[in-house]
Amino acid sequence: QVQLVESGGGLVQAGGSLRLSCAASGRTFSIYAMGWFRQAPGKEREFVAGINWSGHTTYYADSVKGRFTISRDNAKNTVYLQMNSLKPEDTAVYYCAADITPYTVVARQYDYWGQGTQVTVSS
């Protein structure tokens, strides 16, 4: 089992920045690829960003490329999502997830999920 707890969400104006954190506990964190997903009201959960177990490979949804950066610190069992140039359409609940298989962008293939943190971007 892996337990995931997100933090860092909040209300920010368009053009602003937030950094989300996801703290992991339980089984060895460093063996898992990690992903960030988001879900807006009335919409399906969508992939945002992913990172492989070592942190050397990252991958992003086209909608956030150049604005968001995913990173991880395996010594701290934490993955981060730095979000810059935020837009109102980025408003959603953001979830982190763990998957033993890297480079996965499909939500149902992830093994473990956090409870989510709300990000609201005002115009």
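The structure under discussion appears in the preceding block.
Residues numbered from 1 in each chain as written. Predicted model: local features only at pLDDT ≥ 70, side-chain atom pairs only at ≥ 80, totals over all residues. Heavy atoms only, no water.

Any details on the sheet that holds strand β8 (residues 78-83)? Residues and values, ideally.
The 4 strands are arranged β1-β3-β8-β7 in an open sheet whose pairing can be described as antiparallel. Because the sheet does not close on itself, it has two edges, and the strands there are β1 (2-7) and β7 (68-73). On average, each strand axis in the sheet is inclined to that of its neighbour by 15°, with strand direction left out of account. Relative to β8, β7 is paired through 6 bridges, and the arrangement is antiparallel. Bridge pairing in β8 links isoleucine 70 to leucine 81. (Pairing = 2+ DSSP bridges. Helix = DSSP H or I, 4+ residues; strand = E, 2+ residues; numbered from the N terminus. Axes fitted to C-alpha atoms, helices over the stretch in contact; angles between N-to-C directions.)

Now, about the packing of aromatic side chains: what can you tell me, with residues and values included?
Enumeration according to the criterion identifies 8 aromatic pairs in this entry. A centroid spacing of 5.0 Å and a plane angle of 80° characterise the contact between phenylalanine 37 and tyrosine 110, whose relative ring orientation is edge-to-face. Remark: tyrosine 110 occurs in the loop between β9 (92-99) and β10 (112-113) and phenylalanine 37 occurs in strand β4 (residues 33-39); sequence separation between them is 73 residues. What makes tyrosine 110 buried here is its relative accessible area of 6%. Note on phenylalanine 47 and tyrosine 59: the rings are 5.9 Å apart at their centroids and 10° apart in plane angle, and the pair reads as stacked. Residue phenylalanine 47 is located in strand β5 (residues 46-51), and its partner tyrosine 59 is located in strand β6 (residues 58-60); the two are separated by 12 residues in the primary sequence. You'll find phenylalanine 47 and tyrosine 59 in the same group, each marked buried. Ring pairing ties together the aromatic residues Phe37, Phe47, Tyr59, Tyr95, Tyr103, Tyr110 and Trp113, which thus form one cluster. (Phe/Tyr/Trp six-rings, centres within 6.5 Å; stacked < 30°, edge-to-face > 60°. Buried < 20%, exposed > 50% of the residue type's maximum accessible area, 1.4 Å probe, protein only.)

Just give me the short version of the nonpolar core, but keep the residues and values in it.
Among the nonpolar cores identified, the biggest contains 36 residues, and Leu4, Met34, Trp36, Leu81, Met83 and Tyr94 are the most heavily contacted of them. Here this core gets 5 residues from one element, more than from any other, and that element is β9. Not counting residues within four places of it along the chain, the set of residues in contact with methionine 83 comprises Gly16, Ser17, Leu18, Leu20, Arg67, Phe68, Tyr94 and Val119. (Core = buried A, V, L, I, M, F, W, Y, C linked by side-chain atoms within 4.5 Å. Contact = heavy atoms within 4.5 Å.)

If you had to explain the side chain of arginine 72 to someone new, which residues and values would you point to?
With respect to the helices, strands and loops of the structure, arginine 72 is situated in strand β7. Of the side chains with opposite charge, aspartate 73 lies nearest to the buried arginine 72, which makes no salt bridge, at 8.3 Å. Of the polar contacts made by the side chain of arginine 72, one reaches the backbone oxygen of tyrosine 32; its length is 2.7 Å. What arginine 72 contacts, discounting residues up to four positions off in sequence, is Phe29, Ser30, Tyr32, Ala33, Met34, Ile51, Asn52, Trp53, Ser54, Gly55, Thr78 and Val79. (Lys, Arg positive; Asp, Glu negative; His and termini not counted. Salt bridge = Lys/Arg side-chain N within 4 Å of Asp/Glu carboxyl O. Polar contact = N/O pair within 3.5 Å; in protein donor to acceptor, adjacent residues only side chain to side chain.)

With reference to specific residues and values, describe the pairing of β8.
Side-chain positions along a regular strand alternate between the two faces of the sheet. Most of β8 sits inside the fold, with 5 of its 6 residues counted as buried. As defined by bridge partners, strand β3 (residues 18-26) adjoins β8 across 6 bridges and the pair is classed as antiparallel. In the strand pairing of β8, cysteine 22 is matched with valine 79. Counting the residues in the hairpin turn of β7 and β8 gives 4 residues, including asparagine 77, whose phi is positive at 55°.

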